[in-house]
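Results of the structural survey
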Amino acid sequence: MLDADVEVDRRDFAVRAAVQVARGERVALFGPSGSGKTTLLEVVAGLVAPRRGRVVLGGRVLTCTAPPVRAVPPWQRRVGLLRQDPGLFPHLPVRRNLSYARKASPEDAELAEVAATLGIAGLLEAMPARLSGGQQHRVALGRLLLAPCDALLLDEPYTGLDASLRRSLTELVVALVEARNVPAVLVAHELADAQAFADRLAVLDRGELLQVGAPDEVVLRPASRRVAELVGYLGFVPRGADRVAGVHPERTLAGAHPDRGLVLTGTVVASRPAGAGWEADLRVAGTIITCRLPSRPAPDGGELVVTVLDPPVLAAGGPAGPAGAVTRQATEAGERSA
Amino acid sequence: MSWVASPSELKPGGNAVPRVRSASAVVSVAGAAVIWIALLGPVIALLTHLSWSALWSALSAPGAFGPLLISAESGAITLAVLFFGCTPLAWMLARGALPLPRVWEAGVLASLLLPPLVIGLLLVFLVGPYTPIGELLGHLHLSAANTFLALCIAEVYESAPYYVVGAQAAFAGVDPRLEQQAQLLGDRPRRAFRRVTLPLATPGLAMALSVAWARAMGAFGAVLIIAYHPDGIPLQIYNQLQETGLSSALPFALVLLVVALPLPLAAYTWSARAGRRRRG
């Protein structure tokens, strides 16, 4: 169990967050760049000291700012951190990178097993500079797994790799976290990466934890307008005096289906091909919404009827929710509006 | 039409010698050659003006190799002092681990800018017999005026800034995140330094040491002032020039070159090989 409740000062704002990750659980910290996600991981890893707070891993207090003050140095934390740069030691061949945290032994059965699992068994004598980006990440992951590691922290590790490689590496990490039964935290600024990895999604913005929940719950029932914006809602249609209904482009249907959600009639402002279908911008009640359609919509200026599937209804203002708290308002906030 | 390259079209690997193709390439190679020969001018002049008989008679004179031994010994001591004394400073400068880093760097640069002759003059006021340090040395039956110790001190002062600047650059080239990663994998900072930082900085450190070696072997200005005796090779050359003229000094210039060159050359070859090995 990883339990972190910390406040860290940054130049422009303070990061305040409380996260609990059970053994074998995978949590994704999702938020825009510069929202303080990496800072949180660095506090857990012992690379950054928090202003206030407590980090406990498997019953060991790693950081505590209240007396008795405790700050376990990084080399005693047994926390594995994987960054976007795999950080392989360039002067050591793959085998010695993998066994960096182990006693050297030519017959290392576990090393051979991990290398085989990761598909790098044939590269053990190669130097890191000779490896492709994906291979380097596999070696870096193997190095963490072969080190004493009670928690796995992944800081946008696969940014810059192509989509299929990202998917296979993510699946690999998911399987390994299950096998090792350690808490794992992924930092991601792409929702798809966070969803592919996590059991639970935590949305962070400007240092504030806005919502924590199951990945589908956070996307379908965002706790506030800001969360909705971060998870991809592109339009907000007024509902009453101070409420809005969030419109996610991927949760729209062409035509009127009043039993499935909110039916809106609007004027097509623009349209373009998107993936296997079309995307259209509609003007509805003085605001612009974007929706996905299976076929080409009416030409610009034409009228279009769409159904927004079960939209969350949110407070019209900016981000809501108490600072730093894990909010569970989503279910109440997302009342059915059809 | 085929998109597959035929074997004859395949380019050789990245290590192939670049081929000179165009007129502008020929001109730039010729320009580089002119500059290289100009830089080597003094060495060429030395080799063309030496006669074997003069070389033989100079080197077979009694005591001809005494200064060589003194230079080599004092140079080795200088390198040891620099490596153990200045390497930590260079590391701290590179990592910004010192308060007011600009002040520290300005200090190193100031010592780099002092002309050797001035260093010698100032060393008289610092470690000469009538200074507190000189008196302290006197209590230990040592003296920093015209002694082997004075020679070593002069060489250290002449070469240290070159080593510190070079070593700082070598450490700055090591990504601090690699040290961080080593610590997260369980290494205490000192162990991470030994296993990651030092091996990665070693080619740069070797180059810095070899530059310092060349400075120490050729140290003259400060040496002339505070360590006229015992004479190393530069003073031997100067004395030969004063006493018997240019032609009898030249053989010792060759000795200086032959003694001072192998270490930098070895360091250069070795660091190039280390780079190749790292690239796999």
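So, here is what we can say about the structure in this document. Quick caveat: nothing in here was measured; it's all calculated off a predicted structure.

Scanning chain B for helices and strands turns up 14 helices and 0 strands. For chain B, the succession of helices and strands along the chain, N to C, is α-α-α-α-α-α-α-α-α-α-α-α-α-α. On C-alpha atoms alone, chain B measures out to a radius of gyration of 24 Å, which is more than a quarter above the 19 Å that the 2.2 N^0.38 rule sets for 280 residues. For chain B, the spread of C-alpha atoms along the three principal axes comes to 85 × 60 × 30 Å. Taking all 280 residues of chain B together, 32% fall into the buried category.

Before going further, it helps to spend a moment on the overall build of chain A. When its secondary structure is counted, chain A shows 9 helices and 19 strands. The C-alpha extent of chain A, read off along each of the three principal axes, is 70 × 50 × 35 Å. Per-residue burial over chain A gives 44% buried out of 338 residues.

A few words on the interface of chain B and chain A. Counting from both sides, the interface comprises 16 residues of chain B and, opposite them, 20 residues of chain A. Counting residues per element, the ones that place at least two in the side of chain B that touches chain A are helix 9 (176–184) and helix 10 (189–217) of chain B. Element by element, the count of residues in the side of chain B that touches chain A is highest for helix 9 of chain B, at 6 residues. Each residue belonging to the side of chain B that touches chain A can be placed in one class, and the counts come to 6 nonpolar, 5 polar and 5 charged.

A regular strand carries its side chains on alternate faces of the sheet. Residue and element names in this part refer to chain A. For strand 13 (residues 243–247), a buried count of 4 out of 5 residues is recorded, marking the element as mostly surrounded by other parts of the structure. As judged from the 4 bridges shared by strand 12 (residues 235–238) and strand 13, these two strands associate in the antiparallel manner. Bridge pairing links F236 to G246 in strand 13. Turn length for the strand 12-strand 13 hairpin, with the two strands adjacent in sequence and antiparallel, is 4 residues, and the turn residue G240 shows positive phi of about 80 degrees. Across 3 bridges, strand 13 lies against strand 19 (residues 313–315) in antiparallel orientation. Bridged to V244 within strand 19 is L314.

A word on the nonpolar core. As a rule of thumb, nonpolar side chains are buried together in soluble globular proteins. A28, L153, L186 and A202 of chain A together with A154 and Y163 of chain B are the most contacted members of the largest nonpolar core, which totals 144 residues. Broken down by element, this core gets its largest block of residues, 14 residues, from helix 8 (residues 148–172) of chain B. The residues touching Y163 of chain B, leaving out its near neighbours within four places in the chain, are L82, C86, A208, L209 and A212 of chain B.

All names here are of chain B. One can find Y228 in the loop between helix 11 (221–226) and helix 12 (233–244). Judged by the 15 C-beta atoms lying within 10 Å of it, Y228 is partly exposed. For Y228, the contacting residues outside a window of four places in its chain are N146 and L235.

Our focus in this paragraph is the sheet that holds strand 14 (residues 252–254) of chain A. Residues and elements named next belong to chain A. The antiparallel open sheet is built from 5 strands, whose spatial order is 14-18-15-16-17. Looking along the sheet, the strands with just one partner apiece sit at the ends: strand 14 and strand 17 (287–293). Put simply, the sheet's adjacent strands are angled 45 degrees from each other on average, direction ignored. Sheet topology note: the strand 14/strand 18 (residues 303–309) ladder contains 3 bridges and is antiparallel. Bridging from a neighbouring strand, T252 pairs with V308 of strand 18.

The next thing to look at is helix 1 (residues 37–45) of chain A. Residues and elements named next belong to chain A. Here helix 1 lies mainly inside the structure; 8 of its 9 residues are buried. The complete set of buried residues in helix 1 reads K37, T38, T39, L40, L41, V43, V44 and A45. Positive phi appears at G46, one or two residues downstream of helix 1, with a value of about 85 degrees.

Our next topic: the environment of L264 of chain A. Residues and elements named next belong to chain A. Within the element layout of this structure, L264 appears in strand 15 (residues 261–274). Look at L264 and you get buried, because 22 C-beta atoms sit within 10 Å. As a C-alpha pair, L264 and A254 span 10 residues in sequence and 9.9 Å in three-dimensional space. Once residues within four sequence positions are removed from consideration, L264 is found in contact with V237, V284, V306 and V308.

Before going further, it helps to spend a moment on unusual backbone geometry. The residue after P67 of chain A, namely P68 of chain A, is reached through a cis peptide bond having omega -5 degrees. Mapped onto the fold, P68 of chain A is located in the loop between strand 5 (60–64) and strand 6 (70–71). Geometrically, the link from H229 of chain B to P230 of chain B is a cis peptide bond, its omega value of -10 degrees lying close to zero. Its location among the elements puts P230 of chain B in the loop between helix 11 and helix 12. Its identity is not glycine, yet R78 of chain A carries a phi of approximately 60 degrees, on the positive side. Checked against the element boundaries, R78 of chain A lands in the loop between strand 6 and strand 7 (79–82). We note that D310 of chain A has phi near 40 degrees; this positive angle belongs to a residue other than glycine.

Moving on: the pairing of strand 8 (residues 151–155) of chain A. Residue and element names in this part refer to chain A. In terms of residue burial, strand 8 counts as a mostly covered element, since 5 of its 5 residues are buried. What you see with strand 8 is no split at all: A151, L153 and D155 on one side and L152 and L154 on the other are buried throughout. In terms of strand pairing, strand 8 meets strand 9 (residues 184–188) through 4 bridges, oriented parallel. From the neighbouring strand, D155 faces strand 9, where its bridge partner is V187. Each parallel crossover has a hand, and the one from strand 8 via helix 5 (residues 163–180) to strand 9 is right-handed.

Here the focus is the packing of helix 4 (residues 66–95) of chain B against helix 10 of chain B. When two helices pack together, their arrangement is given by the angle between the helix axes and by the axis-to-axis distance. Residues and elements named next belong to chain B. The contact between helix 4 and helix 10 brings their axes to 9 Å, and the two run at 140 degrees. Comparing their axes, helix 10 and helix 4 come out oblique. For helix 4 against helix 10, the interelement crossing comes out right-handed. From helix 4, S71, G75, T78, L79, L82 and F83 reach across to helix 10, where they touch L209, A212, W213, A216 and M217. Grouping the amino acids of the contact of helix 4 with helix 10 by side-chain chemistry returns 8 nonpolar, 3 polar and no charged.

A separate point is the packing of helix 10 of chain B against helix 13 (residues 246–260) of chain B. Residues and elements named next belong to chain B. Orientation of helix 10 relative to helix 13, taken along the N-to-C sense of each, is 160 degrees, at an axis distance of 10 Å. With respect to their mutual orientation, helix 10 and helix 13 come out roughly antiparallel. Like other packed secondary-structure pairs, helix 10 and helix 13 cross with a definite hand, here right-handed. For the pair helix 10 and helix 13, the contacting residues are W213, A214 and M217 in the first and L256, V259 and A260 in the second. Per-class residue counts for the contact of helix 10 with helix 13 are 6 nonpolar, no polar and no charged.

Cut-off values and rules
Residues numbered from 1 in each chain as written. Chains lettered and ligands numbered in written order. Predicted model: local features only at pLDDT ≥ 70, side-chain atom pairs only at ≥ 80, totals over all residues. Helix = DSSP H or I, 4+ residues; strand = E, 2+ residues; numbered from the N terminus. Rg over C-alpha atoms; globule rule 2.2 N^0.38 Å. Buried ≥ 20, exposed ≤ 12 C-beta atoms within 10 Å, placed from the backbone. Contact = placed C-beta atoms within 7 Å. Nonpolar A, V, L, I, M, F, W, Y, C, P; charged D, E, K, R; others polar. Pairing = 2+ DSSP bridges. Core = buried A, V, L, I, M, F, W, Y, C linked by C-beta atoms within 7 Å. Axes fitted to C-alpha atoms, helices over the stretch in contact; angles between N-to-C directions. Right-handed = clockwise from strand over helix to strand, strands pointing away. Parallel < 35°, antiparallel > 145°, perpendicular 65-115°, else oblique. Left-handed = near helix turned anticlockwise from the far one by under 90°.

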